[in-house]
Amino acid sequence: MTNALTAAAAGFGTGLSLIVAIGAQNAFVLRQGIRRDAVLAVVGICALSDAVLIALGVGGVGAVVVAWPGALTAVGWIGGAFLLCYGALAARRVLRPGGGALRTEGETAVSRRRAVLTCLALTWLNPHVYLDTVFLLGSIAADRGPLRWTFGLGAALASLCWFAALGFGARALGRFLAKPAAWRVLDGLVAATMITLGGLLVVRA
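Residues numbered from 1 in each chain as written. Predicted model: local features only at pLDDT ≥ 70, side-chain atom pairs only at ≥ 80, totals over all residues. Heavy atoms only, no water.

## Side note on the overall build of the protein
Across its full length, the protein carries nine helices and zero strands. Seen in sequence order, the protein has helices and strands lined up from the N terminus as α-α-α-α-α-α-α-α-α. Split into buried and exposed, the 205 residues of the protein put 39% on the buried side. Across the protein, contacts joining residues at least 24 apart in sequence account for 90% of those joining residues at least 6 apart. (Helix = DSSP H or I, 4+ residues; strand = E, 2+ residues; numbered from the N terminus. Buried < 20%, exposed > 50% of the residue type's maximum accessible area, 1.4 Å probe, protein only. Contact = heavy atoms within 4.5 Å.)

## Remarks on helix α1 (residues 2–19)
Helix length check: α1, at 18 residues, gives a terminal C-alpha distance of 26 Å against a target of 26 Å (1.5 Å per residue), a fit within 8%. Turning to α1, its buried residues number three or more, namely A7, G11, T14, G15 and I19. Projected onto a plane normal to the axis of α1, the buried residues spread over an arc of 130° and lie on a single side. Along α1, the residues that are exposed and aim more than 90 degrees away from the buried face are T2, L5 and S17. Close packing links the buried residues of α1 with α2 (24–35), α3 (39–58), α7 (127–142) and α8 (148–169). (Expected span 1.5 Å × (residues − 1). Arc of directions from axis to C-beta.)

## Some remarks on the nonpolar core
Counting 25 residues, the largest nonpolar core has F28, V42 and M194 as its most contacted members. For this core, the secondary-structure elements that each account for two or more residues are α2, α3, α5 (70–95), α6 (105–124), α8 and α9 (180–204). For M194, the contacting residues outside a window of four places in its chain are A24, A27, F28, L83, L84, Y86, G87 and L122. In this structure, I54, L137, A141 and A156 belong to the second largest nonpolar core, which totals seven residues. (Core = buried A, V, L, I, M, F, W, Y, C linked by side-chain atoms within 4.5 Å.)

## A word on the environment of A38
Counting through the fold element by element, A38 comes out in the loop between α2 and α3. For the pair A38 and R112, spaced 74 residues apart in sequence, the C-alpha to C-alpha distance is 5.5 Å. Ignoring sequence-local partners within four residues, the contact set of A38 consists of R112 and A115.

Here's what the structure looks like:
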């Protein structure tokens, strides 16, 4: 029992150390949380996607992907292009702020669908997600032997806790972003993050 708890705690700590970093996915979750726009869906997609990828890594799928290096290169090109486009849209919002504007019911539905699709793209078209979860976590979990799945469970729990805290906790920042100027600063940071990461992905692909 003690060994299982130790493995789960190690997985939680390792997973958290890899997730808690400034990146495209976290920047998007933070923005959605502050806007209170499709937060539950976005948090759910991020946490569930990480759980699936961690399970693949613990199951040894990373070794199969290594045999096809072109896969990560293709993902890098596509993901990089997507991040550059998203960054350009964020930069456009800096010049034309409107993040806090009220929406009609139809606009809300469209915004929710857009948020879900964007979240899926930011998660599954980012090669770093595969490197962190499938390869790195998978290799660390393999050292745990029969407790590797307990380690993976701890890592998946860390992902769930982090994204839930980031998405729902960001609502507390809403009152600080009531003015358009504050949204311009936030969108500027998002644009810089997306464009920088997108450029790095394209260069390294």
